[in-house]
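# Residue-level structural notes
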Amino acid sequence: GLSGRDALAWALDGGEGYELLFTAAPDDHDYIVDLCRQEATPVHRIGVVTPEPELLCVSDADDVIRTLTGGFDHFQGAR
């Protein structure tokens, strides 16, 4: 069960990681995509790193936009 939590909140900040996330310089985009194709490893750009925190949102299959709050820090737990 979800321990009474909303499924999206659980997926986004439950602390379990199921994909490898990494950062790379924008200039390395083509190299990374080519390398991942050679290795048959899917790669998806999911955002950008900025110096200041930004508002994070996600849209569901019905295009309902939801503001994300919280998160998970592996050193401190849920925020």
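The structure we're discussing is the one just above.
So, here is what we can say about the structure in this document. (Residues numbered from 1 in each chain as written. Predicted model: local features only at pLDDT ≥ 70, side-chain atom pairs only at ≥ 80, totals over all residues. Heavy atoms only, no water.)

Scanning the chain for helices and strands turns up two helices and four strands. When its helices and strands are written in sequence order, the chain yields α-α-β-β-β-β. Within the span of the chain, comprising 79 residues, buried residues form 8% of the whole. Restricting to contacts in the chain with at least 6 residues of sequence separation, those with at least 24 account for 32%. (Helix = DSSP H or I, 4+ residues; strand = E, 2+ residues; numbered from the N terminus. Buried < 20%, exposed > 50% of the residue type's maximum accessible area, 1.4 Å probe, protein only. Contact = heavy atoms within 4.5 Å.)

For side chains bearing opposite charge, pairing can occur when the charged atoms are close. Within this structure, the stated rule accounts for one salt bridge. Notably, a salt bridge pairs D34 with R37, separated by 3.9 Å at the nearest N-O pair. In this pair, D34 and R37 are both assigned in helix α2 (residues 29-38), three residues apart and thus about one turn of the helix distant. We classify D34 as partly exposed; its relative accessible area is 40%. Its relative accessible area of 63% is what places R37 among the exposed residues. (Salt bridge = Lys/Arg side-chain N within 4 Å of Asp/Glu carboxyl O.)

What α2 keeps buried is the set I32, V33 and C36. Down the axis of α2, the sector holding all buried residues measures 100°, keeping them to one side. In α2, the exposed residues that point more than 90 degrees away from the buried face are D30, Y31, R37 and Q38. Directly after α2, the chain includes A40, whose backbone phi takes a positive value near 55°. (Arc of directions from axis to C-beta.)

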